[in-house]
Amino acid sequence: MAQTRSILITGGAGFIGSHVVRRFVTKYPQYRIVNLDALTYAGNLENLRDIEASANYTFVKGDIRDVGLLGKLFTVHAIDGVIHLAAESHVDRSITDPMAFVSTNVIGTVTLLNAARDAWKGVSTGKRFYHVSTDEVYGSLQDDGFFTERTPYAPQSPYSASKAASDHFVRAYGNTYKLPFVLTNCSNNYGSHHFPEKLIPLMINNIRTNKPLPVYGKGENVRDWLWVEDHAAAIDTVFHNGVDGETYNIGGHNEWRNIDLVKLLCAIMDRKLDRPIGESAELITYVTDRAGHDLRYAIDAGKIERELGWRPSITFEEGLERTVDWYLANTAWLDHVTSGTYRHYYEEQYSKR
Ligand code: NAD
Ligand code: TYD
């Protein structure tokens with residue numbers, strides 16, 4: 001099949017990245033998809049087992065901070081689009097090791113911007129640099145209001161500060177070097193292949209294995225949850241139809257207090273595991289709050305809905321059912337991730353190639 005585009009997806013072995021890679025590889029056989037991922041603790045090639053043999057897919061183990069590698073990839077694959085997801089993504093880790101976040105999220109993003117700028121040499125037609133970011137750059141809301149694309153940046157954790165810095169660099173390269181970019185800020189995602197250090201997969205795994213369910217503080221913090229495949233669909237829409245230089249907020253119109261969400265998960269798991277009603281909720285344990293814990297995130301996704309016609313395809317109830325079903329059907333994935341054996345997959349699969 002004649003190849004019409006060549007897209008570099010960074011962080012494609014992670015949670016959201018693997019859904020984006022799968023969507024693009026299967027939906028667009030006419031595109032070459034190059035997945036560049038350093039396979040940090042969060043990168044798991046088992047996430048892509050089902051598509052790894054596809055003719056239009058190439059995996060490259062490497063770092064977005066590697067200038068030489070990036071130059072080579074842009075040339076060898078004639079990259080004309082970038083979808084940049086590679087990042088350190090966990091707020092709790094950013095509190096213990098902020099420099100790792102500066103290094104990958106800020107320096108890594110600028111290194112990638114330089115590579116695109118150098119490869120595209122001022123030509124913008126047919127080129128696109130898509131930066132995937134988070135609603136956390138806007139800071140924390142109180143009880144009312146929503147983040148819009150015009151909300152001033154006010155990041156409050158080392159993670160969100162590093163993502164905010166990377167967003168500023170992307171816009172600065174658009175302004176200064178006329179690099180054609182689009183940028184999206186999305187709310188919390190949930191779904192399959194989510195590393196069980198984040199709230200929803202951690203709770204599912206702990207309920208399954210009868211471990212305490214650590215709820216930070218009083219559990220009153222609010223997050224706006226979006227099914228990861230709807231985020232991947234939004235990325236597809238913005239990559240193809242978004243306007244150069246524009247930002248789009250992506251969200252699920254779906255706010256939950258952490259404690260209510262954990263109780264809902266407990267109820268679903270009681271039903272799925274044939275436990276007496278209320279048994280899983282007995283595992284709930286209130287623990288010391290996260291330092292500087294943002295109270296509430298909530299996205300106004302009106303712009304992407306009006307201008308590009310994207311909206312979430314399923315309800316939270318349906319998404320959560322599918323998500324729980326996936327983890328219960330893929331306990332080997334969870335066991336590999338929690339025991340660390342997933343890290344051998346690369347050697348097993350790729351050392352022979
Ligand atoms: P993740 O932590 O699951 O995956 C990150 C991936 O990036 C991993 O595969 C990792 O190996 C790779 N990576 C890390 N450092 C790298 C480096 N230096 N070079 C190359 N690869 C590297 O993250 P995620 O939850 O899938 O998030 C993906 C992107 O989406 C991030 O940019 C994040 O800020 C953004 N985002 C996430 C959410 C969410 O709810 N998870 C919401 C909005 C935006
Ligand atoms: P998380 O999944 O880490 O995403 P983020 O901090 O980027 O929103 O956390 C979601 C919410 O759940 C956040 O308010 C922190 C809280 N939380 C807990 O209460 N217990 C946990 O074990 C974790 C991981 C998170």
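For the structure itself, consult the block above.
The following paragraphs examine the structure supplied in this document. Just so you know, these numbers come straight off a predicted model, no measurement behind them.

A separate point is the side chain of Thr 247. Turning to its location among the elements, Thr 247 is positioned in strand β10 (residues 247-250). Of note is the side chain of Thr 247, whose polar atom sits 2.9 Å from the side chain of Arg 171.

Let's shift gears to helix α4 (residues 98-120). For α4, built from 23 residues, the straight-helix expectation of 33 Å at 1.5 Å per residue is met to within 8% by its first-to-last C-alpha distance of 32 Å. Looking at the residues trailing α4, positive phi occurs at Lys 121, about 45 degrees.

Our focus in this paragraph is the site of ligand 2. Taken together, the neighbourhood of ligand 2 is formed by 17 residues, with Glu 136, Pro 214, Arg 223, Arg 290 and His 293 sitting nearest. Interatomic distance of 2.9 Å between a side-chain N/O atom of Asn 258 and an oxygen atom of ligand 2. At 2.5 Å, a side-chain N or O of Arg 290 approaches an oxygen atom of ligand 2. Across the complex, the protein chains shield 96% of the 510 Å² of accessible surface that ligand 2 would expose by itself. Partitioning the shell around ligand 2 into residue classes produces 7 nonpolar, 5 polar and 5 charged.

Here we take up the nonpolar core. Judged by nonpolar contacts, the single largest core of 45 residues is most densely connected at Phe 24, Ile 33, Ile 83, Tyr 130 and Ile 304. If you tally residues by element for this core, the top one is helix α7 (residues 228-241), at 6 residues. Residues Leu 213, Met 269, Phe 316 and Trp 326 belong to the second largest nonpolar core, which totals 32 residues.

Turning our eyes to something else, we now look at the site of ligand 1. Lining the immediate environment of ligand 1, one finds 29 residues, of which Ile 16, Asp 37, Ser 89, Tyr 159 and Lys 163 sit closest. Between ligand 1 and Gly 14, the relevant distance is 2.9 Å, taken from an oxygen atom to a main-chain nitrogen or oxygen of the residue. The separation between a nitrogen atom of ligand 1 and a polar main-chain atom of Ala 38 is 3.1 Å. With the chains in place, 96% of the 830 Å² that ligand 1 exposes on its own is no longer accessible. In terms of residue count, strand β5 (residues 128-134) provides more of the shell around ligand 1 than any other element does, 3 residues in total.

On to the pattern of salt bridges, then. Taken as a whole and judged by the stated rule, the model has 19 salt bridges. Among the salt bridges present, the one from Glu 197 reaches Arg 93, with a minimum N-O distance of 2.7 Å. Highlighted residues: Glu 197 in the loop between β7 (188-190) and α6 (199-208) and Arg 93 in helix α3 (residues 91-96), separated in sequence by 104 residues. According to the relative accessible area criterion, Glu 197 is buried, its value standing at 13%. Note on Arg 93: relative accessible area 33%, which makes it partly exposed. Linking Arg 117 and Asp 118 is a salt bridge whose minimum nitrogen-to-oxygen distance equals 3.3 Å. Judged by relative accessible area, which is 46%, Asp 118 ranks as partly exposed.

Parameters at a glance
- Residues numbered from 1 in each chain as written.
- Chains lettered and ligands numbered in written order.
- Predicted model: local features only at pLDDT ≥ 70, side-chain atom pairs only at ≥ 80, totals over all residues.
- Heavy atoms only, no water.
- Helix = DSSP H or I, 4+ residues; strand = E, 2+ residues; numbered from the N terminus.
- Polar contact = N/O pair within 3.5 Å; in protein donor to acceptor, adjacent residues only side chain to side chain.
- Expected span 1.5 Å × (residues − 1).
- Near = heavy atom within 4 Å.
- Areas by Shrake-Rupley, 256 points an atom, 1.4 Å probe, with all protein chains shown as cover.
- Nonpolar A, V, L, I, M, F, W, Y, C, P; charged D, E, K, R; others polar.
- Core = buried A, V, L, I, M, F, W, Y, C linked by side-chain atoms within 4.5 Å.
- Buried < 20%, exposed > 50% of the residue type's maximum accessible area, 1.4 Å probe, protein only.
- Salt bridge = Lys/Arg side-chain N within 4 Å of Asp/Glu carboxyl O.

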